[in-house]
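Here is how the chains run, residue by residue.
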Amino acid sequence: GAGVSQTPSNKVTEKGKYVELRCDPISGHTALYWYRQSLGQGPEFLIYFQGTGAADDSGLPNDRFFAVRPEGSVSTLKIQRTERGDSAVYLCASSPADRSYGYTFGSGTRLTVV
Amino acid sequence: EDQVTQSPEALRLQEGESSSLNCSYTVSGLRGLFWYRQDPGKGPEFLFTLYSAGEEKEKERLKATLTKKESFLHITAPKPEDSATYLCAVVFGSARQLTFGSGTQLTVLP
């Protein structure tokens with residue numbers, strides 16, 4: 001596609017529920033990143049995929065967070081047993097190849113846990 | 001601890017009033033410093049990448065410079081449409097991901 005697409009744009013969920021956030025990167029981009037941004041802060045790294053595999057998941061805050069990219073394109077960020085502290089904007093970015101710094105971000109999914 | 005610090009947190013300028021935003025970093029093995037612009041409700045939009053001290057890049061009213069400790073984003077004769085949050089980020093060491101600062105919220109008044 002023309003840009004990085006993230007769905008849904010907004011998600012409200014109840015504490016304890018499971019949510020999935022989707023990222024559709026730019027066609028041909030092999031690297032995909034998930035970030036989390038809280039109000040008034042810069043994006044915080046969560047996980048990086050090169051192809052289908054998670055090359056670096058050191059930013060995932062705990063084992064409630066998990067992400068997949070089964071076919072090397074679309075990625076899903078999964079959050080189990082959501083907590084109010086998970087409320088943030090979740091951003092996805094993609095880049096054309098490893099060692100390339102042309103990161104293009106999507107508009108994000110605003111997650112609110114009530 | 002590796003850090004990226006941006007200042008000021010917020011800046012209000014009159015249209016045409018030039019100024020600079022600062023990004024200081026304390027990381028080992030800098031491999032690139034990035035400037036992004038972020039509008040409300042949108043993802044960061046790429047502006048510049050700088051790789052080595054002394055490097056400069058320009059785009060319209062914006063000019064980014066890099067030293068061994070910090071980067072500046074100079075805004076010349078800003079317009080109201082330049083109002084946004086400006087984010088600085090670095091890639092360092094063996095990491096592949098960007099590490100961001102907290103941003104500078106710029107408001108340009110007509």
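Everything quoted here is computed from the prediction, not taken from an experiment.

Conventions we followed
- Residues numbered from 1 in each chain as written.
- Chains lettered and ligands numbered in written order.
- Predicted model: local features only at pLDDT ≥ 70, side-chain atom pairs only at ≥ 80, totals over all residues.
- Heavy atoms only, no water.
- Pairing = 2+ DSSP bridges.
- Helix = DSSP H or I, 4+ residues; strand = E, 2+ residues; numbered from the N terminus.
- Axes fitted to C-alpha atoms, helices over the stretch in contact; angles between N-to-C directions.
- Disulfide = S-S within 2.5 Å.
- Contact = heavy atoms within 4.5 Å.
- Buried area = accessible area lost by both parts, 1.4 Å probe.
- Salt bridge = Lys/Arg side-chain N within 4 Å of Asp/Glu carboxyl O.
- Polar contact = N/O pair within 3.5 Å; in protein donor to acceptor, adjacent residues only side chain to side chain.
- Buried < 20%, exposed > 50% of the residue type's maximum accessible area, 1.4 Å probe, protein only.
- Core = buried A, V, L, I, M, F, W, Y, C linked by side-chain atoms within 4.5 Å.

Things to note about the sheet that holds strand 3 (residues 19-24) of chain A
Residues and elements named next belong to chain A.
And then number 1: Taking strand neighbours across the sheet as the criterion, the 4 strands line up as 1-3-8-7 in an open arrangement whose pairing is antiparallel. Two strands lie at the open edges of the sheet, namely strand 1 (5-7) and strand 7 (65-68), each paired on one side alone. Averaged over neighbouring strand pairs, the angle between their axes works out to 15° when direction is ignored.
And then number 2: As defined by bridge partners, strand 7 adjoins strand 8 (residues 75-79) across 4 bridges and the pair is classed as antiparallel. Across the sheet, residue Val68 finds its bridge partner in strand 8, namely Thr76.

Notes on the state of the cysteines
Cysteine pairs can be linked by a disulfide, which is a covalent bond between their two sulfur atoms.
All names here are of chain A.
And then number 1: This model, assessed by the stated rule, comprises 2 disulfides over all chains.
And then number 2: Residue Cys23 pairs covalently with Cys92 via a disulfide, S to S 1.9 Å. Sign of the S-S torsion, about -65° for the bond between Cys23 and Cys92, identifies this disulfide as left-handed. Remark: Cys92 occurs in strand 9 (residues 88-95) and Cys23 occurs in strand 3; sequence separation between them is 69 residues.

Focus: the interface of chain A and chain B
Quite often, the size of an interface is put as the accessible area lost when its parts meet.
And then number 1: Each partner contributes residues to the interface: chain A has 22 residues there, and chain B has 19 residues.
And then number 2: Regarding the contact of chain A and chain B, the summed buried area is about 1600 Å², with carbon and sulfur atoms giving 50% of it.
And then number 3: Joining chain A to chain B, the criterion identifies 0 salt bridges.
And then number 4: Taken together, the connections running from chain A to chain B amount to 7 residue pairs in polar contact (both at pLDDT 80 or more).
And then number 5: Listed by contribution, the elements that provide at least two residues to the side of chain A that touches chain B are strand 4 (31-37), strand 5 (44-50) and strand 9 of chain A.
And then number 6: Per-element accounting of the side of chain A that touches chain B gives the leading share, 4 residues, to strand 4 of chain A.

Overview of the side chain of Gln38 of chain B
All names here are of chain B.
And then number 1: Residue position: Gln38 is located in strand 4 (residues 30-38).
And then number 2: Using a relative accessible area of 9% as the deciding quantity, one classes Gln38 as buried.
And then number 3: In terms of polar contacts, Gln38 uses its side chain to reach the backbone carbonyl oxygen of Lys42, at 2.9 Å.

Considering unusual backbone geometry
And then number 1: The residue after Thr7 of chain A, namely Pro8 of chain A, is reached through a cis peptide bond having omega -10°.
And then number 2: Of note, Pro8 of chain A is situated in the loop between strand 1 and strand 2 (10-13).
And then number 3: Residue Ser7 of chain B is joined to Pro8 of chain B through a cis peptide bond whose omega torsion reads -10°.
And then number 4: Along the chain, Pro8 of chain B turns up in the loop between strand 1 (3-7) and strand 2 (10-14).
And then number 5: One non-glycine residue, Arg81 of chain A, lies in positive phi territory at about 45°.
And then number 6: Examined against the element boundaries, Arg81 of chain A turns out to sit in the loop between strand 8 and strand 9.
And then number 7: On the basis of relative accessible area, Arg81 of chain A is assigned to the partly exposed category, the value being 46%.

A few points about the pairing of strand 7 of chain A
And then number 1: Here strand 7 of chain A shows a clear split, with Phe65 and Ala67 of chain A buried on one side and none of Phe66 and Val68 of chain A buried on the other.
And then number 2: Adjacent in sequence and paired antiparallel, strand 7 of chain A and strand 8 of chain A are bridged by 6 residues, among which Gly72 of chain A carries a positive phi angle near 75°.

Re the sheet that holds strand 6 (residues 56-59) of chain B
All names here are of chain B.
And then number 1: Pairing in this open sheet of 5 strands is antiparallel, and the strands run 1-3-8-7-6 from one edge to the other. Here the strands that pair on one side only, and so sit at the sheet edges, are strand 1 and strand 6. On average, each strand axis in the sheet is tilted by 15° relative to the strand beside it, whichever way the strands run.
And then number 2: Where strand 6 and strand 7 (residues 62-66) come together, 4 bridges link them in antiparallel fashion. Across the sheet, Glu56 pairs through a bridge with Thr65, a residue of strand 7.

Section: the nonpolar core
And then number 1: Ranked by internal contacts, the top residues of the largest apolar core, which has 24 residues, are Leu33, Trp35, Leu73 and Tyr86 of chain B.
And then number 2: Elements with a minimum of two residues in this core: strand 2, strand 3 (19-26), strand 4, strand 5 (45-50), strand 7, strand 8 (70-75), strand 9 (84-92) and strand 11 (104-109) of chain B.
And then number 3: It is strand 9 of chain B that provides the largest number of residues to this core, a total of 5 residues.
And then number 4: Sequence-distant contacts of Leu33 of chain B, defined by excluding residues within four places in its chain, comprise Cys23, Tyr25, Phe48, Thr49, Leu50, Leu66, Ser71, Cys88, Ala89 and Val90 of chain B.
And then number 5: Listed in part, the 20 residues of the second largest apolar core include Phe65, Ile79, Ala88 and Cys92 of chain A.

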